[in-house]
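Residues per chain are reported as follows:
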Amino acid sequence: MATSTTIEFRGLTKSFGSVHAVSDLSFTVEPGQVTGFLGPNGAGKTTTLRMLLGLVRPTSGTATFGGVAYRDLASPFETVGTALEASSFHPGRSARGHLAVYAAAAGIRKSRIDEALRLVGLETFADRRVGGYSLGMRQRLGLAFALLGDPRVLVLDEPVNGLDPEGIRWIRTFMREMASQGRTVLVSSHLLSEVQQSVDRLVIISRGRLMYEGTLAGLDTGSRVVVDAPDRDALEAALVQAGADVHVAGGALTVAGLSSAEVGAIAHRADVPLSQLAAENNRLEAAFLEIVGDTGLGGEAERA
Ligand SMILES: Nc1ncnc2c1ncn2[C@@H]1O[C@H](COP(=O)(O)OP(=O)(O)OP(=O)(O)O)[C@@H](O)[C@H]1O
Ligand SMILES: [Mg+2]
């Protein structure tokens, strides 16, 4: 029987001494979708992915491909392709040379090397020494490596890091294409805006704990309106009287659950001239920051 391409995390936990990097993490990643694995720096993303790939031993819990641990996979290269952070390539070797080494070791047919290089747009640079590659080219080489075995699961740790806007657009399309072919795509990022346009589902962690699992739309807890007036107190009083949920934030009032038009109408009826009225920008990013805690390194691991 073919190994399931559903990734399953069950009670996954990892402590490094007193640092609780990952705590009781349970979620599932389905094929045919791009799943974003989000969390601030230090939240435990890389540690989680390294446990999935058998590079770090869990303190407890499991991370499997349909119940099968990475080290027990019958054909690991054809099951899962990975591009983890800080992949290092020997500077003196060409891209083709690198892939040839891995392909030979894994028993992958030679013709797949050029296929993989073409898939990531590196074919014209295939024989150039990797030492002269730009960061973006290196990222693409990491992806070509991930694709060598034509795997049904892709695990990518921050593949967008360091890419220019064209590179980001390219990788977005690439991940969507991989998912539409029925592959499982799990991609980590510390910035929602980087993956927002390419993911179907989101898993958000902070301090090693699961904070959210669901759709992008589900993260949007309702639109908000930013409004202000020279007489802010009068405006606030009018809104509160109308039953609105009002907060002072960022030097203006934030109103939940009403449209801009409704807020404008309330102010008009109360005869309060406005100095500002707009739908809140970047509602998703704001919701993300609320979930993970928006101070610097807010997602750092807990200590005992
Ligand atoms: N080998 C290790 N020894 C000790 N602590 C570690 C080790 N690996 C990770 N940690 C700690 O575990 C926590 C999670 O780190 P991890 O690299 O998994 O986070 P991350 O979400 O990938 O962050 P980033 O966005 O910065 O890549 C951090 O507090 C980190 O310092
Ligand atoms: Mg990381």
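Cut-offs and rules
Residues numbered from 1 in each chain as written. Chains lettered and ligands numbered in written order. Predicted model: local features only at pLDDT ≥ 70, side-chain atom pairs only at ≥ 80, totals over all residues. Heavy atoms only, no water. Helix = DSSP H or I, 4+ residues; strand = E, 2+ residues; numbered from the N terminus. Expected span 1.5 Å × (residues − 1). Buried < 20%, exposed > 50% of the residue type's maximum accessible area, 1.4 Å probe, protein only. Contact = heavy atoms within 4.5 Å. Pairing = 2+ DSSP bridges. Axes fitted to C-alpha atoms, helices over the stretch in contact; angles between N-to-C directions. pLDDT = per-residue confidence, 0-100.

### A look at helix α5 (residues 135-147)
Across its 13 residues, α5 extends 19 Å between first and last C-alpha, which sits within 8% of the 18 Å expected from 1.5 Å per residue. Where α5 is concerned, the buried positions are Gly136, Met137, Arg140, Leu141, Gly142, Leu143, Ala144, Ala146 and Leu147. Packed against the buried residues of α5 are β5 (80-83), α3 (95-106), α4 (111-119), β6 (153-157) and α6 (165-180).

### Observations regarding the sheet that holds strand β8 (residues 201-206)
Taken in spatial order, the 6 strands make up an open sheet running β5-β6-β7-β3-β8-β9, and their pairing is mixed. Since the sheet does not close on itself, it has two edges, and those belong to β5 and β9 (209-215), each with one partner. Direction aside, neighbouring strands of the sheet carry axes that sit 15° apart on average. Here β5 runs beside β6; their pairing, made up of 4 bridges, is parallel. Each residue of the ladder has a partner; that of threonine 82, found in β6, is valine 155.

### Remarks on the confidence of the model for the chain
Per-residue confidence for the chain gives a mean pLDDT of 89, with 93% of residues at or over 70. Of all secondary-structure elements in the chain, the lowest mean pLDDT belongs to strand β14 (residues 302-303), at 66, while strand β4 (residues 60-65) reaches the highest, 98.

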